[in-house]
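Letter by letter, the chains look like this.
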Amino acid sequence: MGEVQNLQEVPLITPYKLVSFTGTYSLESVLVDVILQCEVQKHNFHHYTIKVVLAPLTRMKSYENVPQTHAVLYYAQRTTKGGLLIAEGTVISDTAIGYPNVPGIWKKEQVEAWKPIVNVVHAKGGIFAGQIWHTGRVSNTGFQPKGQAPVSSTDKPISPSNNGLHFSAPRRLSTEEIPQIINDFRLAATNAMEAGFNGVEIHGAHGYLIDQFLKDQVNDRTDEYGGSLENRCRFALEVVKAVSEEIGADRVGIRISPFADYNDSGDSNPEALGLYMAESLNKYGILYLHGSGNNAVVANHADLVVYGRLFLANPDLPKRFELDAPLNKYDRNTFCTSDPVVGYTDYPFLDETNSA
Ligand SMILES: Cc1cc2nc3c(=O)[nH]c(=O)nc-3n(C[C@H](O)[C@H](O)[C@H](O)COP(=O)(O)O)c2cc1C
């Protein structure tokens, strides 16, 4: 850990590159992760020493899709001055839901509920990106309005018994319906800005809706959103374009995972997919990483390193790295319970551990 986290001054270069690190989520899963570089500049990020970024982590504690006040403490605990946090996946519409109690950002009530959470991160000097998300076919009729089928690029269902979750056969979106979904992403981004976030990360990874368009083992469309690589990337790029036009490209990031196959979302040529996306994103002026994991960090190619589970379990992770202090172990059994405290805001800080 030590060699990665020598907390020197971060050089002000473009783009900032985020690397996800270690674990069962393969390093290659996060080939491209783009984020908010101008916001970081605006906050004079290079004067700070915080390279440790909070990864987006779904916690399923936003009852009825409304963020709750217990999230104020959770995010406050993980904020360090100058540090970047990416909020948990936040659904963009009532058709985007695929798990219980995930936060949304399509209704005024949800936007208002995000405000105190964003405010506390800012009050502590943090930079906060919202993550906007549509799960597509990683859902079931129980989560969908009027018990309808979830929507996707395809009508092919996910294989049964994937993680013990139940997924319903999806309905293939018609070509004419796609602009509406893009508009939902756009509105969600506007709402995120209204809530006070510094920008948004579009969730284009891990087999969710955008990835369902990107990957050739899922996307079996015959219209202009399917078939060739260019066509499969069209939806993702139209979302990026719409969101960028709405809130400014310098506030927009996208997470994609060409090499991952979560939720039955493999691709026969992930490298070509990653490269094409990276090149195309360039045109929109949003900034990206092309590289992966350990090698990038060791070669000092990563400016910021994103931590998920370790940050979940260590609210003061940057400080612990700085002091080379021992880390709390995470308990995966409490990752996604609805409890507002246990495994959420009760992981001890270093001082508490020492005095215990
Ligand atoms: C409980 C849990 C929830 C997650 N939720 C999200 C999410 O909402 N959005 C996302 O892009 N990734 C999500 N991820 C993936 C993490 O952002 C991260 O990539 C992963 O945990 C690997 O990093 P780590 O080894 O530092 O934990 C989640 C991971 C975990 C363990």
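Scroll up to find the structure.
Residues numbered from 1 in each chain as written. Predicted model: local features only at pLDDT ≥ 70, side-chain atom pairs only at ≥ 80, totals over all residues.

Colleague: Sorry, what's going on with the overall build of the protein chain here?
Modeller: The number of helices and strands found in the protein chain is 11 helices and 10 strands. Looking at the 356 residues of the protein chain, the share that counts as buried comes to 49%. Sequence-distant contacts in the protein chain: of pairs separated by 6 or more residues, those separated by 24 or more amount to 76%. (Helix = DSSP H or I, 4+ residues; strand = E, 2+ residues; numbered from the N terminus. Buried ≥ 20, exposed ≤ 12 C-beta atoms within 10 Å, placed from the backbone. Contact = placed C-beta atoms within 7 Å.)

Colleague: What's the story with the packing of helix H3 (residues 108-123) against helix H4 (residues 178-195) in this structure? I'm lost.
Modeller: The relative placement of two packed helices comes down to the angle between their axes together with the axis-to-axis distance. Following both chains from N to C, one finds H3 and H4 inclined at 45°, their axes separated by 8 Å at the closest point. Considered as vectors, H3 and H4 are oriented oblique to each other. For the crossing formed where H3 meets H4, the hand is right-handed. Facing H3, whose interface residues are Val 111, Trp 114, Lys 115 and Val 118, H4 presents Asn 191, Glu 194 and Ala 195. Considered class by class, the residues forming the contact of H3 with H4 number 4 nonpolar, 1 polar and 2 charged. (Axes fitted to C-alpha atoms, helices over the stretch in contact; angles between N-to-C directions. Parallel < 35°, antiparallel > 145°, perpendicular 65-115°, else oblique. Left-handed = near helix turned anticlockwise from the far one by under 90°. Nonpolar A, V, L, I, M, F, W, Y, C, P; charged D, E, K, R; others polar.)

Colleague: Would you take a moment to explain the packing of helix H2 (residues 70-77) against H3 for this structure?
Modeller: Two elements in contact, H2 and H3, have axes whose closest approach is 9 Å; the angle formed by their N-to-C orientations is 20°. In terms of orientation, H2 lies roughly parallel with respect to H3. The interaxial crossing formed by H2 with H3 has right-handed handedness. Only Pro 116, Ile 117, Val 120 and Val 121 of H3 make contact with H2, whose side of the interface consists of Ala 71, Val 72, Tyr 75 and Ala 76. Looking at the contact of H2 with H3, its residues break down into 8 nonpolar, no polar and no charged.

Colleague: Explain the environment of Ala 272 to me, please; I cannot follow it from the model alone.
Modeller: Mapped onto the secondary structure, Ala 272 falls in helix H7 (residues 270-283). Note: C-alpha distance between Ala 272 and Leu 229 (43 residues apart in sequence) is 8.3 Å.

Colleague: Looking at this structure, how should I read the pairing of strand E8 (residues 199-204)?
Modeller: On any regular strand, side chains alternate: one points to one face of the sheet, the next to the other face. By the criterion of burial, E8 is predominantly enclosed, with 6 of the 6 residues buried. Of the two faces of E8, the one holding Gly 199, Glu 201 and His 203 and the one holding Val 200, Ile 202 and Gly 204 are both buried throughout. For strand E5 (residues 127-133) and E8, the ladder comprises 4 bridges, and the chain directions are parallel. Each bridged residue has a counterpart across the sheet, and for Gln 131 the counterpart in E8 is Glu 201. Summarising the sheet, E8 and strand E9 (residues 252-256) pair through 5 bridges and their orientation is parallel. Pairing of Ile 202 across the sheet is with Ile 254, part of E9. (Pairing = 2+ DSSP bridges.)

Colleague: Can you help me understand H7 in this one?
Modeller: Since one α-helical turn is 3.6 residues long, residues separated by three or four positions face the same way. With 14 residues, H7 should cover 20 Å at 1.5 Å per step; its first-to-last C-alpha distance of 20 Å lies within 8% of that length. If you check which residues of H7 are buried, you get Pro 270, Leu 273, Gly 274, Met 277 and Leu 281. One side of H7 holds all its buried residues, which, seen down the axis, span an arc of 95°. What points out from H7, more than 90 degrees from its buried face, is the exposed set Glu 271, Ala 272, Glu 279, Asn 282 and Lys 283. Of the residues one or two after H7, Gly 285 is the one with positive phi, at around 80°. (Expected span 1.5 Å × (residues − 1). Arc of directions from axis to C-beta.)

Colleague: Sorry if this is basic, but what is going on with the environment of Tyr 63 here?
Modeller: Considering the arrangement of structural elements, one finds Tyr 63 in the loop between strand E3 (52-54) and H2. Along the backbone, Tyr 63 and Asn 101 are 38 residues apart, and their C-alpha atoms lie at a distance of 4.7 Å. Not counting residues within four places of it along the chain, the set of residues in contact with Tyr 63 comprises Gln 68 and Asn 101.

Colleague: Is there a simple way to explain unusual backbone geometry in this structure?
Modeller: Excluding glycine, residues mostly have negative phi values, and the peptide bonds linking residues are mostly trans. Located in the positive-phi region is Asn 101, a residue other than glycine, with phi close to 55°. Take Asn 101: it is sitting in the loop between strand E4 (84-91) and H3. A positive phi angle, close to 55°, is found at Asn 263, a residue other than glycine. The exposure class of Asn 263 is buried, given the 24 C-beta atoms found within 10 Å.

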